[in-house]
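Here is how the chains run, residue by residue.
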Amino acid sequence: MCLSIPSEILDIDEYNNALVQTLGVKRKVNLDLIGEPCKVGDFVLIHVGVAMEKIDKIAAQESIKVYQEIVGKMNNNEISQNEGDLGLNEFHR
């Protein structure tokens, strides 16, 4: 199972590759599988270096806020890493 954090498009080159930012981390991804035009400021979900879906900006921002809250609680030891991974760690044993 893969949980994708929304990534904001910062730049798109002539080969349809985008520079995106995911929680402060920048990387290049390919946009070829997106079925609609993308532009700077759009949010996409990524899997293995390929953008798979464009998502609504408000939904993306709400999702990012939840991820940031989880990370904050993990950093403050309010929840353990096992709780912070939403129980998905069990699937990787």
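No experiment lies behind these values; they were computed from the predicted model shown.

Conventions and cut-offs
- Residues numbered from 1 in each chain as written.
- Predicted model: local features only at pLDDT ≥ 70, side-chain atom pairs only at ≥ 80, totals over all residues.
- Heavy atoms only, no water.
- Core = buried A, V, L, I, M, F, W, Y, C linked by side-chain atoms within 4.5 Å.
- Buried < 20%, exposed > 50% of the residue type's maximum accessible area, 1.4 Å probe, protein only.
- Helix = DSSP H or I, 4+ residues; strand = E, 2+ residues; numbered from the N terminus.
- Contact = heavy atoms within 4.5 Å.
- Pairing = 2+ DSSP bridges.

Moving on: the nonpolar core. When a protein is soluble and globular, its nonpolar side chains tend to lie buried together. Core analysis: the largest hydrophobic core is formed by 10 residues, namely Ile 9, Ala 18, Val 20, Val 29, Leu 31, Ile 34, Cys 38, Val 44, Ile 46 and Ala 51. Breaking this core down by element, the ones donating at least two residues are strand E2 (17–22) and strand E4 (43–47). Among residues more than four places away in sequence, those in contact with Ile 9 are Ala 18, Leu 19, Val 20, Leu 31, Cys 38, Lys 39, Val 40, Gly 41, Asp 42 and Val 44. In this structure, Phe 43, Leu 45, Ala 60 and Ile 64 belong to the second largest nonpolar core, which totals five residues.

Our next topic: the environment of Ile 70. The residue Ile 70 is located in helix H1 (residues 57–75) in this model. On the basis of relative accessibility, which here comes to 17%, the residue Ile 70 falls in the buried class.

By the alternation rule, side chains of E2 split into Ala 18, Val 20 and Thr 22, which are all buried, and Asn 17, Leu 19 and Gln 21, of which none is buried. In terms of strand pairing, strand E1 (residues 7–12) meets E2 through four bridges, oriented antiparallel. Bridge assignment links Ile 9 to a residue of E2, and that residue is Val 20. The turn linking E1 back onto E2 is made up of four residues, and Asn 16 within it adopts a positive phi angle of 70°. Sheet topology note: the E2/strand E3 (residues 25–30) ladder contains six bridges and is antiparallel. Its bridge partner lying in E3, Leu 19 is registered against Lys 28.

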